[in-house]
Amino acid sequence: MLKLSWWKWLCIVLIFYTLIEGFLGPVPALPILNETIRNLYFHVTMWFAMMILMTVSLVYSIKYLSKPLAHNDTVAEMSAKVGMLFGIIGILTGMIWAKNTWGAYWVNDAKLNGAAAALLVYTAYFILRNAIEDETKRARISSVYAIFAFTLMMVFIMVLPRMTDSLHPGNGGNPGFSTYDLDANMRKVFYPAVLGFTLLGIWIMQLKINIKKLQHFNDEQ
Amino acid sequence: MQNTSKIFSLIIKEYRYDWRSRSALSGILMYVFATVFICYLSFKNVIDIPTWNSLFWIIILFVAINAIAKSFMAESQALQLFYYSFLSPYHIIVSKIIYHAVLMFVLATLGAFIFTFFLGNPVQSYLQFSLALLLGSVSFSSCLTMISAIASRATNNPALLAVLGFPVLLPVLTVTIRFSKNAIDGLAWSVNQPYFILLLCLNALILALAYLLFPYLWRE
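Presented here is a report on the structure given in the accompanying data block. (Residues numbered from 1 in each chain as written. Chains lettered and ligands numbered in written order. Predicted model: local features only at pLDDT ≥ 70, side-chain atom pairs only at ≥ 80, totals over all residues. Heavy atoms only, no water.)

Turning to the overall build of chain B, a few remarks are in order. From N to C terminus, chain B includes 8 helices and 0 strands. Ordered by position from the N terminus, the helices and strands of chain B form the series α-α-α-α-α-α-α-α. The C-alpha radius of gyration computed for chain B amounts to 18 Å, which stays within 12% of the reference 17 Å derived for 220 residues, consistent with globular compactness. Considered along the principal axes of its C-alpha atoms, chain B spans approximately 55 × 35 × 30 Å. Scored against the burial criterion, the 220 residues of chain B give a buried share of 49%. For chain B, long-range pairs separated by at least 24 residues make up 84% of all intrachain contacts whose partners lie at least 6 apart in sequence. Total accessible area on chain B stands at roughly 10,200 Å², and carbon and sulfur atoms take up 71% of it. In chain B, 12 positive and 6 negative side-chain charges are present, and the distance between their average locations comes to 6 Å. (Helix = DSSP H or I, 4+ residues; strand = E, 2+ residues; numbered from the N terminus. Rg over C-alpha atoms; globule rule 2.2 N^0.38 Å. Buried < 20%, exposed > 50% of the residue type's maximum accessible area, 1.4 Å probe, protein only. Contact = heavy atoms within 4.5 Å. Areas by Shrake-Rupley, 256 points an atom, 1.4 Å probe, with all protein chains shown as cover. Lys, Arg positive; Asp, Glu negative; His and termini not counted. Charge placed at Lys NZ, Arg CZ, Asp CG, Glu CD.)

On to the pattern of salt bridges. Within this structure, the stated rule accounts for 7 salt bridges over all chains. The partner of aspartate 73 of chain A in a salt bridge is arginine 129 of chain A, and the shortest N-O contact between them spans 2.9 Å. Separated by 56 residues along the polypeptide, aspartate 73 of chain A in helix 3 (residues 70-101) and arginine 129 of chain A in helix 4 (residues 110-131) bring together distant segments of the chain. Exposure class is identical for aspartate 73 of chain A and arginine 129 of chain A. Each is buried. With a shortest N-O distance of 2.6 Å, lysine 181 of chain B and aspartate 185 of chain B are connected by a salt bridge. Placement of both lysine 181 of chain B and aspartate 185 of chain B in helix 7 (residues 158-185) is noted, with a separation of 4 residues, approximately one turn of the helix. Residue lysine 181 of chain B is classed as partly exposed on the basis of its relative accessible area of 23%. Each of Asp73, Glu77, Lys81, Arg129 and Lys212 of chain A takes part in a single network of salt bridges with overlapping partners. (Salt bridge = Lys/Arg side-chain N within 4 Å of Asp/Glu carboxyl O.)

A few words on the state of the cysteines. Enumeration over the complete set of coordinates arrives at 0 disulfides over all chains. Between cysteine 143 of chain B, a cysteine without a disulfide, and cysteine 201 of chain B, which holds the nearest cysteine sulfur, the sulfur-to-sulfur distance is 15 Å. (Disulfide = S-S within 2.5 Å.)

This part is about the packing of aromatic side chains. Inspection of every chain in the model, using the stated rule, returns 26 aromatic pairs over all chains. Through pairs of rings, three or more aromatic residues link up here, namely Trp52, Phe56, Trp57, Phe115, Phe129 and Phe140 of chain B. (Phe/Tyr/Trp six-rings, centres within 6.5 Å; stacked < 30°, edge-to-face > 60°.)

In this section: the interface of chain B and chain A. Between chain B and chain A, the residue contacts involve 30 residues of the former and 26 residues of the latter. Summed over both sides, the interface of chain B with chain A buries roughly 2,600 Å², with 82% coming from carbon and sulfur. Broken down residue by residue, the surface that chain B buries against chain A is led by Pro167, Leu213 and Tyr216 of chain B, which jointly contribute 19%. Across the chain B-chain A interface, the total number found is 3 residue pairs in polar contact (both at pLDDT 80 or more). Breaking the side of chain B that touches chain A down by element, the ones donating at least two residues are helix 6 (126-153), helix 7 and helix 8 (189-218) of chain B. (Buried area = accessible area lost by both parts, 1.4 Å probe. Polar contact = N/O pair within 3.5 Å; in protein donor to acceptor, adjacent residues only side chain to side chain.)

All names here are of chain A. The volume enclosed by the second largest pocket comes to roughly 390 Å³. Contributing elements (two or more residues each) for the lining of the second largest pocket: helix 3, helix 5 (135-158) and helix 6 (184-220). For the lining of the second largest pocket, the leading source of residues is helix 6, giving 5 residues. A per-class count over the lining of the second largest pocket returns 4 nonpolar, 5 polar and 7 charged. (1 Å grid on protein atoms, 1.4 Å probe; cavity = no way out; pocket = protein on both sides within 12 Å on 5 of 7 lines; lining within 4 Å. Points joined across faces, edges and corners; volume = space filled by probe spheres on them. Nonpolar A, V, L, I, M, F, W, Y, C, P; charged D, E, K, R; others polar.)

All names here are of chain B. Note that serine 152 resides in helix 6. Engagement of the side chain of serine 152 in a polar contact is seen with the backbone oxygen of alanine 149, the distance being 2.9 Å. Look past the residues within four positions of serine 152 in its chain and what remains in contact with it is Phe72 and Met73.

Looking now at the packing of helix 3 of chain A against helix 4 of chain A. Residue and element names in this part refer to chain A. Direction vectors running N to C along helix 3 and helix 4 enclose 145 degrees, while the axes themselves pass 10 Å from each other. The handedness of the crossing between helix 3 and helix 4 is left-handed. Along its contact with helix 3, which presents Asp73, Ala76, Glu77, Ala80, Lys81, Gly83, Met84, Gly87, Ile88 and Ile91, the element helix 4 presents Ala115, Ala116, Leu119, Tyr122, Thr123, Tyr125, Phe126 and Arg129. Looking at side-chain class alone, the contact of helix 3 with helix 4 contains 11 nonpolar, 3 polar and 4 charged residues. (Axes fitted to C-alpha atoms, helices over the stretch in contact; angles between N-to-C directions. Left-handed = near helix turned anticlockwise from the far one by under 90°.)

On to helix 2 (residues 22-43) of chain B. All names here are of chain B. Over its 22 residues, helix 2 runs 31 Å from end to end, which matches the ideal 32 Å to within 8%, given 1.5 Å per residue. For helix 2, the full list of buried residues reads Leu25, Ile28, Val32, Val36 and Cys39. Along the axis of helix 2, the buried residues cluster in a sector spanning 65 degrees; they form a single face. Those residues of helix 2 that are exposed and angled more than 90 degrees off the buried face are Arg22, Ser23, Met30, Ile38 and Ser42. In this structure, the buried residues of helix 2 make contact with helix 1 (2-20), helix 3 (49-73) and helix 5 (89-119). After helix 2 finishes, the residue lysine 44 shows a positive phi value of roughly 65 degrees. (Expected span 1.5 Å × (residues − 1). Arc of directions from axis to C-beta.)

This brings us to the side chain of asparagine 53 of chain B. Residue and element names in this part refer to chain B. Turning to its location among the elements, asparagine 53 is positioned in helix 3. A polar atom in the side chain of asparagine 53 sits 2.9 Å from the backbone oxygen of isoleucine 177. With residues near it in sequence (within four places) discarded, asparagine 53 still touches Ile177, Ser180, Lys181 and Ile184.

Next up on the list: the nonpolar core. In this structure, Tyr122, Leu128, Tyr145 and Phe148 of chain A together with Phe129, Ile150 and Leu164 of chain B are the most contacted members of the largest nonpolar core, which totals 139 residues. Tallying contributions element by element places helix 5 of chain A first for this core, with 15 residues. Beyond its immediate chain neighbours, meaning those up to four positions away, isoleucine 150 of chain B contacts Leu128, Ile141, Val144 and Tyr145 of chain A together with Leu164 and Leu217 of chain B. (Core = buried A, V, L, I, M, F, W, Y, C linked by side-chain atoms within 4.5 Å.)

This part covers a nonpolar patch on the surface. Taken together, Phe16, Leu19, Ile20, Phe23 and Leu24 of chain A make up a surface patch of nonpolar side chains, about 540 Å² in accessible area. Along the chain, isoleucine 20 of chain A turns up in helix 1 (residues 6-24). (Patch = residues over 30% accessible without salt bridge, like charges linked within 9 Å, V, L, I, M, F, W, Y side chains within 5 Å.)

Structure representation (structure tokens):
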């Protein structure tokens, strides 16, 4: 029998709950949105997970600068990698949703541009990491960039869209799902889904960290 | 008191350094002129105000990247060792940001004049537009000085500054463009005030981050 810690079991249960309940459970019948409202469980949760992973990356970069351990840098790097994966999936699910409700895969919108910019920052972070040979130097310089860029990115994603009108729910006079669309039935799936996908992200991250540590160990032998 | 005099002498040094090697400075001026001239030749006449505004800020963005790119690359190992033994990192970053902000403000103002000469001038509120120029220069300078310090620590790849800089500059660039657009349209101050405050906050955030993080870049 596979030995997994409790939160991994919780993750498996929550993901399956999200999949089953998300596709089969009752949802409010709303015009235009129709059944695409189910995408809420997958698209929005991706961004929640990405923001949490970006915060992890930010925190571990700060930790690295105050205490330069290789572990801190590895966590920062891997959480950024998994965060980028979630960001890409978030953009793709969002594009499918946008095509079906707004009629186009991409619209010029503050929130969408913020999402694209978040992926740009991640890409820049990885390019910087590749440009530095020396390991400790790479860790230090990329930590500095991560703190600088991720902080500004959070401002860009969280503050600026609230200043303008937006098609996207939750901005500029356009109410978020929480106000009326998200009824009690949907909440029962949505919050577990957020937790489930975040745990999945942490799980992937943990595996990647272990792989990197083993590779490192192998190189030293 | 001593800190101020140190920072001041570093700013003077930056200025002398640029002034002595005129090729760099005249290269930037040429860049401003050439890009505006190219826009003039390709657009003939820009009547649309949003286009005028965006075009202007995109040119200023590229000018800023070119002007600030070399700031850390040019300094030799020996000079850095000299700094290390006599100065604190705060002196370096503060003096560089101030110098680049002033340089960028001069270049942006000059750019605005050249732009006016070739492409006309739709600006209605000059006071707000100069404020946009000033705040834009300060935020470009603080962002790019910091990014240039990061890029100079990596292998010498000239494209790295642009790659690292663009995503970081996006927030200030979008707010500056909006602020400047309202200034050109001559909207009331009450409309533009939120953007002004947001821009100030963003600047304060960037400056605080640069001030806190630069010491970690500095020690080799």
